[in-house]
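Close look at the chain arrangement
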Amino acid sequence: MSDTTPSDQPEGMSPDPSGEEPILYADTVDEYLPRDVVTAAGDESDQRERFRQSPGLDTELVDMTRTASLWGDAWRQLRRRPVFIISAVMILILVIISLVPGLFATHDPRDCNLIDSLLLPSSEHWFGTDLQGCDYYSRTLYGTRVSISIGIIVVFFITIIAVTGGSIAGYYGGVTDSIIGRITDIWFVIPTILGGIVILSVTRSRNIGTVSLVLIVLGWATLLRLVRSSVLAAKANDYVDAARVMGASNARIIIRHILPNAIAPVIIVSAIYIGVVIAAEAALSFLGVGLQLPAISWGLMIATAQQRIITAPYLLIFPGAFLSVTVFSFILMGDALRDALDPKLR
Amino acid sequence: MAKNNDTNTRSDMVGDTPIDPGAPFLEVENLHVEFHIEDGTVKAVNGLSYKLAKHETLAILGESGSGKSVSAQAVMGILDTPPGYVTQGSVKFRGVELLAPNSKTGALDHAVPEVRGTRIAMVFQDALTALNPVFTVGWQLGEMFRVHKGASRKEAKEKAIEMMERVNIPSARERVNSYPHEFSGGMRQRVMIAMALSMDPDVIIADEPTTALDVTVQSQIMELLSDLQKETGMGLILITHDLAVVAEVADRVVVMYAGRRMETGGIDDIFHHPSHPYTLGLMDSIARPDVHLDRLTPIPGSPPDLLAIPSGCPFHPRCTYATDRCPAEAPKLEQIAGQHSSACFYWKDVQIDI
Amino acid sequence: MVLGCSLALPLVADEEGTDLGRYLIRRVLQFIPVFFGATFLIFALVFLMPGDPIRALSGDKPLAPEVVVALQERYHLDEPFYKQYAIYITNVFQGDFGSDFRGYPVRDLMLDRLPVTIRLALLAFLFEVVIGLTAGVVAGVRKGKFFDSLVLVSTLVVIAIPIFVLGFIGQIVFGVKLGWFPISGYREGWYSLMLPALVLASLSLAYVARLSRTSLVENLRADYVRTARAKGLSTSRVIGIHTLRNSLIPVVTYLAVDLGALMGGAIITETIFNLPGLGRAVFDAARAQEGAVVIGIATFLVIVYMIANLLVDVLYGVLDPRIRYE
């Protein structure tokens, strides 16, 4: 790693042992050392301390460059990891399928012919046909659309709720925090599937909208609590006090200083959560309280496949595999993100 | 109290080997420790040697990254292996060699676990993290007696209270059931010292025992250590970067840099006749009540990257006395007078400058 | 709660206990608003839905006018909402969880189904704790070696595959192909519950294994481990006593949350394996659009979950002394 502090660096210094590593911490005021085992704390940290406390230095600038470097690092780290690349590719493929399933499907999933009922996989019907005689391959592909849409919609809204609520709770503390805390406690007590059954068993219509709404209503608590603890941790940093002393408004502090630093675990969990939501929707549809026919959902397909496990296992295997792979890719993505973002946060 | 493991308490044996009554309490010779990490090999300790006698306090002085803590861990046998390995050297406790070659790794293993904690004990820097947060102080202190001496719970607890009183912790009987986080920093450090002292060791290694403490508490702790040492006659190795602490208690000093000895000598030699540019730099960079200085001069540059230590004398890039000879040849320890030695070709020039 | 207090009393009595006692009281006090809040929420979710509460109770069945009147009376549908809830919750305290459309009390239905669900959940919990913890701890101790990678990969796979797919796989592999377990249905005793319990436990088992592994690995790097080794303690003691207790703390927290997941997940498992448990009862009621039954059982399950959480909070307080100050 090329060295950073300018004129102090003596001649004949050690050659760069890992040549291809770019200069990571050149201009940034970073708190942590690249190699704590090796590098001495001594002079370097003293210089950093002085830099941070220089009068007249805009702490915002300091803060921004710091977080900018964090994200820059993270991206560089991510790009290299095979886990990230694999999951990113898988998700990309799935998203494309969900957007334009027609591109990949061999038949119209609704073009069903009873004569062709329950055919085994063949060159004509790659995944065989179901009870109604619909091409299973195309149906499975179209199921992607429902799952991915619900996954993304639900997590999107949950993130908004969680970030807003969590920031307020974490930042303002006090009574607001207690109230929000009690409310999340109450929500925590209700398991998702149970709650889903309770609500959906009395709703009249069950479409992507209702199911998404139900999952949003039931699922914001975990993420909110996570945001809250991240915000609490970020709030403890000195630059928050510095910003406040300089007269920044609360909203400004939250948005420009705290959130960028608190957001990383939220991103990680959100990615994983998309997978969780997709699995939850499939479970609810499987139980019959989620989407109904003629909607195409993997959960529904698996439910109808139940009775024919022995005679026609493929009815279960294909949507099951797609569902598993989809959930898996999001969880994998979350794992990859955590590896890249987490150690930096410590 | 039932004595469980006789070999630990009989002071003339270490395991199966008899001690050598004439040998120094601790003798470290040419110790080399390496860490094999992803980015290369870190040479943390490169040829450290010292002797510790009864009643003696040896200070190992150096900045962060000088290898002082690692050398202590190697002596204790608590080095993280992997990635750390003792590649060379010998550690003798009262004449008994503690290291033995490991044919599988090619390195040296600490082969005498009986001495750990019982004959050689260690005190760590930050007692808050060094003590287990979920067990009471009495439990952790008593553990020494339960494990090493087969004491019962009750006996161990009594002994724990006794130890706490010995290190001057007030209200020991009431506080023996408290948790580490319920104590102040100074009290916690006393607990650590009590733990180290509990088995009546011959040697205590204190790794930065006061760095995490306030200045006033620092001197209390150092006084405690000093008093205990006079009482028991044990040898004390003090690892620190704080010159003030060294000045207060040390008899002899080893100055380390990049895992190597730069200078060794008695306390008077080091403080009043520093004979190495590094030592001189250290002296110049602190405020001293006994010497009038116009300004404090820090040593220019920063400590070396231990993955790639400068050739020859490791200090040469920051040294004002350096010549062409220095990067080419690593200076050996040259005796100046008595026990005072310096690893610098130009020690005479350094002495003139004082 | 009485049980909790009597358990706490001997702890409170000794010196170490006063902090613990105060912590317990705090926890119990926090429990109360959550209790009412959660039961109210369930109640509200059903009855506050836009639309006809009658429909909520009986679905799309065509009803004779006398039946409608009877329902209105029984559920006090003409009263303001909060009064409905008050009546409802008072009934719950007296053990009355409502009745189904034909007047059959939900409580009887629950008592009938409870044994199966309890056994299933207990068995699953056992699997999860024993297999998950052991696998996680061993993986952590042998970090980087084969067993560790094996655990990491297999848990990831198990987490990704949704529970009902796993259930089916289990049925096909262990029921059909290997014939070790019955594919579905309940027979007296524990054996027929083993496969369902394993499936039910699978997700949590994977989490517990990963969590305990990570926790152990982290604790093995802690400073106090170095101190313990410097004290001359054996490796088994250092790992088994010093690190284990610290490592268990986050695992226990997870296990607390997990009891709820077991309850919720039991619905799916009982459905797949056709077991006559509470979960299945909820599912059947939901399908038959019996709103009152759904609320009744859901309320009961949630209460059980809350009490379980409270008990685990207590355990947490015992394990980690630092928590008693929160």
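Read on for an overview of the structure. (Residues numbered from 1 in each chain as written. Chains lettered and ligands numbered in written order. Predicted model: local features only at pLDDT ≥ 70, side-chain atom pairs only at ≥ 80, totals over all residues. Heavy atoms only, no water.)

Observations regarding helix 8 (residues 163-177) of chain C
Residues and elements named next belong to chain C. Its 15 residues place the ends of helix 8 20 Å apart at the C-alpha level, agreeing with the 21 Å of an ideal helix rising 1.5 Å per residue. Listed as buried for helix 8 are Ile163, Phe164, Val165, Leu166, Gly167, Phe168, Gly170, Gln171, Ile172 and Gly175. Phi for Gly179, located one or two positions after helix 8, is positive at around 70 degrees. (Helix = DSSP H or I, 4+ residues; strand = E, 2+ residues; numbered from the N terminus. Expected span 1.5 Å × (residues − 1). Buried < 20%, exposed > 50% of the residue type's maximum accessible area, 1.4 Å probe, protein only.)

A word on the interface of chain B and chain C
Contact residues are listed per partner, giving 30 residues for chain B and 23 residues for chain C. Summed over both sides, the interface of chain B with chain C buries roughly 2,300 Å², with 55% coming from carbon and sulfur. Taken together, the links from chain B to chain C amount to three salt bridges. The shortest N-O distance in the salt bridge between Glu143 of chain B and Lys231 of chain C comes to 3.0 Å. Looking at the side of chain B that touches chain C, the elements with two or more residues in it are helix 2 (68-76), helix 3 (127-130), helix 4 (137-149) and helix 7 (185-197) of chain B. By residue number, the principal contributor to the side of chain B that touches chain C is helix 4 of chain B, which donates seven residues. (Contact = heavy atoms within 4.5 Å. Buried area = accessible area lost by both parts, 1.4 Å probe. Salt bridge = Lys/Arg side-chain N within 4 Å of Asp/Glu carboxyl O.)

Examining the interface of chain C and chain A
Counting from both sides, the interface comprises 42 residues of chain C and, opposite them, 37 residues of chain A. Of the roughly 3,600 Å² buried where chain C meets chain A, counting both sides, 82% is carbon and sulfur surface. Across the chain C-chain A interface, the total number found is one salt bridge. The salt bridge involving Arg210 of chain C is made with Asp335 of chain A; its shortest N-O contact spans 4.0 Å. At the junction of chain C with chain A, the criterion picks out zero residue pairs in polar contact (both at pLDDT 80 or more). Put simply, the parts of the chain that give the side of chain C that touches chain A at least two residues each are helix 2 (17-47), helix 3 (53-58), helix 7 (146-160), helix 8, helix 9 (194-220), helix 11 (235-273), helix 12 (278-287) and helix 13 (291-319) of chain C. With nine residues, helix 2 of chain C is the single largest residue contributor to the side of chain C that touches chain A. Here the side of chain C that touches chain A is built from residues that sort into 32 nonpolar, seven polar and three charged. (Polar contact = N/O pair within 3.5 Å; in protein donor to acceptor, adjacent residues only side chain to side chain. Nonpolar A, V, L, I, M, F, W, Y, C, P; charged D, E, K, R; others polar.)

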